[in-house]
Amino acid sequence: MKVDIFTLKKQYENLKGELRGPIENVMSSGAFILGEDVGFFEKEFAEYCGVKYGIGVNSGTDALFLACLACGIGKDDEVITPAYTYIATSLGISMAGAKPVFVDTEEKTYSIDVSKIEKAITKKTKAILLVHLYGHPADMDPVIQISQKYKLKVIEDCAQAHGALYKNKKVGSFRDAACFSFYPTKNLGAFGDAGMVLTNSEEIKDKMVLLHDYGRKGRYENIIKGYNSRLDTLQAAILRVKLKHLDKWNEKRRKNASLYTKLFREAKLDIVLPYEAEYAKHVYHQYTVRVKNRKDVMEKLANEGVRTLIHYPIPVHLQECYKELKHKKGDFPIAEKCCEEIMSLPMYPELTEEEIRYVVNTFSKII
C-alpha cells in the first residue's frame, strides 16, 4: 500500500460538480480582480470566525506583513514571536522593517511558551505575534494579559488553524489582527496562493484596505504607498464553496487523529504523540509525532510506501537569513529539540481507516 502525506485529488473529485458553477461564473464575468466573490468571501469568513472585518490578500505571508504595518509596526520596533514555526511568521515581521525577537516553544502544544514572553519585552517591543501551530491554539489568555499590561498589539498567525477553538471561541477572533493562509494544503485551501487578515478594529481594517490595493482611495487617487496584494476573485469563489465543508473536514481530521492516537497507544511505542490542551479544540492541520531516530524511521516508512515530512527541520533563530541576530545553538533548546525529533504523518479528511492502520502497523514494525 502507498499512503501520501497529503493529497487534494479525492477532495477535488468530491467537489468538482459543486465548484463548476462558481468557477464558470467568474470566468464568464471577466471580473478577475476584486470581483463580487471577494467581498462575499471576506464577509463569510469573518462571520465564520466571529470577527467584524475580513480583508483578502494574495498570501498568508502578505497577511502577516500587511497586518504588522496596519498595527503600526515598523523600523526599529521589536515583535515577540516563537522560534519554532514556519519562516513566514518572522518574515512578515522583517518585511515590515521590524526585528523578530524569538521566544522558546512550549513542548506539549508547540506554541509559544507564554511563561517566557515577559523576559523578552523591551522598550522597543510593539507586539506579540503568536502561532497556532499544527492546528492547536496557543494559550491566548495569558498572552492577552501580558499585552494589556505592556500595551502591546497581538497578532495571531492562524495559517494552520482554520476553525480551531480556544475556550470555545474560534482562533482569529482575539485582540488586534489575525492572519490566515489559504495555501492549497491548509485545512481551508485555495487552488493557489491566497490569504486574509481579520480584525474587529475599524482603524486596522481601513489601513488594510489601503495597504493591500496600492494605497488608493479612488481608482487613481493614492493616499499612502500601498502594495498589490489582492485576493483573486477566482480563489475567493473556490474558497466560498470550500468554507461550507470546513467544519465537516475538521471533524474528519479529528476522527483520524483520534484513531491514530488510539492505535499508537495500543502499540505502546516509544514516541511522543500530539497533545490537546483542555482549553483547545485541535483541528490537526498536521498529525505530528516525535521520535529519536527520525531519519531512519522516515526512510523505512518510505520503503514501505508511507510518505512523511518534517515540519520543521530548522528553528527560525538558526536560519541563515537571520544570522545578523547572532543566535546560536542552545539559545532556544525546546524549539531545537522539536526540530530534531518532529515528523508529520499522513493527514487529510479523506484518509481512510485502512490507510491509518497501515501507517501505524508499519511504524510498529520498524521502530
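Given the structure is predicted, the values throughout are model-derived calculations rather than measurements.

Peer 1: Quick rundown of the overall build of the protein? Include the residues and the values.
Peer 2: Scanning the protein for helices and strands turns up eleven helices and twelve strands. The C-alpha atoms of the protein give a radius of gyration of 21 Å, which matches the 21 Å a tight globule of 367 residues would have. Seen through its C-alpha atoms, the protein measures out along the principal axes to roughly 65 × 55 × 35 Å. Looking at the protein as a whole, 57% of its 367 residues qualify as buried. When contacts within the protein are restricted to residue pairs at least 6 apart in sequence, those whose partners lie at least 24 apart make up 71%. Element-wise, carbon and sulfur atoms account for 49% of the exposed surface of the protein, whose accessible area totals about 16600 Å². Between the mean site of the 55 positive side-chain charges and the mean site of the 49 negative ones, the protein shows a separation of 1 Å.

Peer 1: Just give me the short version of the nonpolar core, but keep the residues and values in it.
Peer 2: By size, the foremost hydrophobic cluster in this structure holds 27 residues, and its most contacted members are Tyr260, Phe264, Tyr287, Met343, Leu345 and Phe363. Those elements that place two or more of their residues in this core are helix H8 (246-267), strand S11 (287-290), helix H9 (294-303), strand S12 (342-345) and helix H11 (353-366). Excluding anything up to four places from it in sequence, tyrosine 287 contacts Ala257, Tyr260, Thr261, Phe264, Leu273, Pro274, Met343, Ser344, Leu345 and Met347.

Peer 1: Talk me through the packing of aromatic side chains; I want residue IDs and the actual numbers.
Peer 2: To describe a pair of aromatic rings, one takes the distance between the centres and the angle between the planes. Under the criterion given, the structure shown has 20 aromatic pairs. For the ring pair tyrosine 166 and phenylalanine 174, a centre distance of 5.6 Å and an interplane angle of 80° mean the geometry is edge-to-face. Phenylalanine 174 sits in the buried class, given a relative accessible area of 8%. For the pair tyrosine 260 and phenylalanine 264, a centre-to-centre distance of 6.1 Å together with 10° between the ring planes defines the contact as stacked. Separated by four residues within a single helix, tyrosine 260 and phenylalanine 264 lie in helix H8, roughly one turn from each other. Its relative accessible area of 0% is what places tyrosine 260 among the buried residues. Note on phenylalanine 264: relative accessible area 2%, which makes it buried. Three or more aromatic residues joined by ring pairs make a cluster, and in this case those are Phe41, Phe45, Tyr48, Phe180 and Phe182.

Peer 1: Explain the pairing of strand S9 (residues 195-199) to me, and be specific about the residues and the numbers.
Peer 2: The two faces of the sheet receive side chains in turn, since in a regular strand these alternate between them. Of all five residues that make up S9, five are buried, and the element is covered over most of its length. Of the two faces of S9, the one carrying Gly195, Val197 and Thr199 and the one carrying Met196 and Leu198 are both buried. As paired elements, strand S1 (residues 53-57) and S9 share five bridges and run antiparallel to each other. Across the sheet, glycine 56 pairs through a bridge with methionine 196, a residue of S9. Of the pairings in the sheet, the one linking strand S8 (residues 177-181) to S9 comprises four bridges and is antiparallel in character.

Peer 1: Could you give an account of the layout of surface pockets, with specific residues and numbers?
Peer 2: Looking at the largest pocket, its volume works out to about 630 Å³. Taken together, 30 residues form the lining of the largest pocket, with Tyr86, Tyr183, Thr185, Lys186 and Tyr312 sitting closest to its centre. Where the lining of the largest pocket is concerned, the elements lending two or more residues are helix H3 (60-70), helix H4 (87-95) and S8. Grouping the constituent residues of the lining of the largest pocket by class yields 14 nonpolar, eleven polar and five charged.

Peer 1: Go over the sheet that holds S8 with me, naming the residues and quoting the values.
Peer 2: The strand order across the open sheet formed by seven strands is S1-S9-S8-S5-S4-S2-S3, and the pairing between neighbours is mixed. Edge positions in the sheet fall to S1 and strand S3 (99-103), since each has one partner strand and no second. Averaged over all adjacent pairs, the angle separating strand axes in this sheet is 25°, with direction ignored. Strand contacts of helix H2 (residues 36-49): S1, S8 and S9, with the helix running at about 55° to S9, the strand carrying the most contacts. Packing against the sheet, helix H6 (residues 202-211) makes contact with S1 and S9, and its axis sits at approximately 20° to S1.

Scoring rules and cut-offs
Residues numbered from 1 in each chain as written. Predicted model: local features only at pLDDT ≥ 70, side-chain atom pairs only at ≥ 80, totals over all residues. Heavy atoms only, no water. Helix = DSSP H or I, 4+ residues; strand = E, 2+ residues; numbered from the N terminus. Rg over C-alpha atoms; globule rule 2.2 N^0.38 Å. Buried < 20%, exposed > 50% of the residue type's maximum accessible area, 1.4 Å probe, protein only. Contact = heavy atoms within 4.5 Å. Areas by Shrake-Rupley, 256 points an atom, 1.4 Å probe, with all protein chains shown as cover. Lys, Arg positive; Asp, Glu negative; His and termini not counted. Charge placed at Lys NZ, Arg CZ, Asp CG, Glu CD. Core = buried A, V, L, I, M, F, W, Y, C linked by side-chain atoms within 4.5 Å. Phe/Tyr/Trp six-rings, centres within 6.5 Å; stacked < 30°, edge-to-face > 60°. Pairing = 2+ DSSP bridges. 1 Å grid on protein atoms, 1.4 Å probe; cavity = no way out; pocket = protein on both sides within 12 Å on 5 of 7 lines; lining within 4 Å. Points joined across faces, edges and corners; volume = space filled by probe spheres on them. Nonpolar A, V, L, I, M, F, W, Y, C, P; charged D, E, K, R; others polar. Axes fitted to C-alpha atoms, helices over the stretch in contact; angles between N-to-C directions.

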